[in-house]
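Chain residues, written in single-letter form:
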Amino acid sequence: MPIYTCTIAESTFSAETKRALAGEIARIHSSITHVPSAYVNVAFHELAADGLYTDGVPASPVLVAGWVREGHPADDTTRLATEVSTAVAKICEIDVERVLVVIQPSPARFAVEGGRVLPEPGQEQAWLAES
């Protein structure tokens, strides 16, 4: 259901680091929103070394954009962003100052997975039972 896109400079992280980070993002999302981790998608988008800038100069931030369904409590969404940020810094062994996490909600009805419109938050079990 959710999609997290991690944008980084090429060759910043090993496959093992990416795997660990994807697993931790799935765990965090699942624990906060009560969605099975099997539905959490994580993609790594790698740009050339000169493809990322901060303050107009080449930089190596880790940018995480997470799409989630609208309707989760605001405190949960803030906690989600905070915990993902902390996980990125820890797993990738970088300063948290290099991490930016943005959670972007939109209505569940604007997304389709497996040919089915996504359920509203709280309706996941009924949706899963229909599959």
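Residues numbered from 1 in each chain as written. Predicted model: local features only at pLDDT ≥ 70, side-chain atom pairs only at ≥ 80, totals over all residues. Heavy atoms only, no water.

Peer 1: What exactly am I supposed to notice about the pairing of strand S2 (residues 41-47) here?
Peer 2: For strand S1 (residues 3-9) and S2, the ladder comprises seven bridges, and the chain directions are parallel. Among the inter-strand pairings, Ile3 is bridged to a residue of S2, identified as Asn41. Between S1 and its parallel partner S2, the chain crosses via helix H1 (residues 15-33), and the hand of that crossover is right-handed. (Pairing = 2+ DSSP bridges. Helix = DSSP H or I, 4+ residues; strand = E, 2+ residues; numbered from the N terminus. Right-handed = clockwise from strand over helix to strand, strands pointing away.)

Peer 1: How do you make sense of the side chain of Ser106 when you look at a structure like this?
Peer 2: Secondary-structure assignment places Ser106 in strand S6 (residues 99-106). Side-chain polar atoms of Ser106 contact the side chain of Trp67, separated by 2.5 Å. (Polar contact = N/O pair within 3.5 Å; in protein donor to acceptor, adjacent residues only side chain to side chain.)

Peer 1: Would you mind going over helix H2 (residues 74-92) with me for this structure?
Peer 2: For H2, built from 19 residues, the straight-helix expectation of 27 Å at 1.5 Å per residue is met to within 8% by its first-to-last C-alpha distance of 27 Å. Turning to H2, its buried residues are Leu80, Ala81, Val84, Ser85, Ala87, Val88, Ala89 and Cys92. At the exit of H2 stands Glu93, carrying a positive phi of roughly 55°. (Expected span 1.5 Å × (residues − 1). Buried < 20%, exposed > 50% of the residue type's maximum accessible area, 1.4 Å probe, protein only.)

Peer 1: Before we go on, may I ask you to explain the sheet that holds S2 in this structure?
Peer 2: Consider a sheet: its strands pair through backbone hydrogen bonds, and that pairing is either parallel or antiparallel. On the basis of which strands lie adjacent, the open sheet formed by four strands has the order S2-S1-S5-S6 and mixed pairing. The open sheet has two edge strands, S2 and S6, and neither has a second partner. Across the sheet, the mean angle separating the axes of adjacent strands is 15° when strand polarity is ignored. Note: S1 against strand S5 (residues 62-69), five bridges, orientation antiparallel. Opposite Thr7, over in S5, you have Leu63 as the bridge partner. Sitting on the sheet, H1 is in contact with S1, S2 and S5, with an inclination near 140° to S2. Against the sheet, H2 makes contact with S1, S5 and S6, and its axis sits at roughly 150° relative to S6, the strand it touches most. (Axes fitted to C-alpha atoms, helices over the stretch in contact; angles between N-to-C directions. Contact = heavy atoms within 4.5 Å.)

Peer 1: Looking at this structure, I do not really get the nonpolar core. What am I missing?
Peer 2: Side chains of a nonpolar character, in soluble globular proteins, are inclined to be buried together. With 24 residues, the main nonpolar core has Tyr4, Val64 and Val88 as its most contacted residues. Mapped onto this core, the elements with two or more residues apiece are S1, H1, S5, H2 and S6. The biggest single contributor to this core is H2, with seven residues. Core analysis: the second largest hydrophobic core is formed by eight residues, Val35, Ala111, Leu118 and Trp127 among them. (Core = buried A, V, L, I, M, F, W, Y, C linked by side-chain atoms within 4.5 Å.)

Peer 1: I would appreciate a short explanation of the packing of H1 against H2 in the present structure.
Peer 2: When two helices pack together, you describe them by how their axes are tilted relative to each other and by the distance separating the axes. Where H1 meets H2, the axes come as close as 10 Å, and the angle between the chain directions of the two elements is 160°. In this view, H1 runs roughly antiparallel relative to H2, as classed from their interaxial angle. Judged by the sense of rotation from one axis to the other, the crossing of H1 with H2 is right-handed. Two secondary-structure elements touch here, H1 through Thr17, Ala20, Leu21, Glu24, Ile25, Ile28, His29 and Ile32 and H2 through Asp76, Arg79, Leu80, Glu83, Val84, Ala87, Val88, Ile91 and Cys92. (Parallel < 35°, antiparallel > 145°, perpendicular 65-115°, else oblique. Left-handed = near helix turned anticlockwise from the far one by under 90°.)

Peer 1: I would appreciate a short explanation of the UniProt feature "domain: Tautomerase cis-CaaD-like" (unreviewed entry) in the protein chain in the present structure.
Peer 2: Under the present numbering, the feature "domain: Tautomerase cis-CaaD-like" (unreviewed entry) in UniProt falls on residues 1-128. Along residues 1-128 the backbone is 34% helical and 30% strand, and the end-to-end C-alpha distance reaches 11 Å. (UniProt positions renumbered as here; feature names shortened; annotations may be inferred.)

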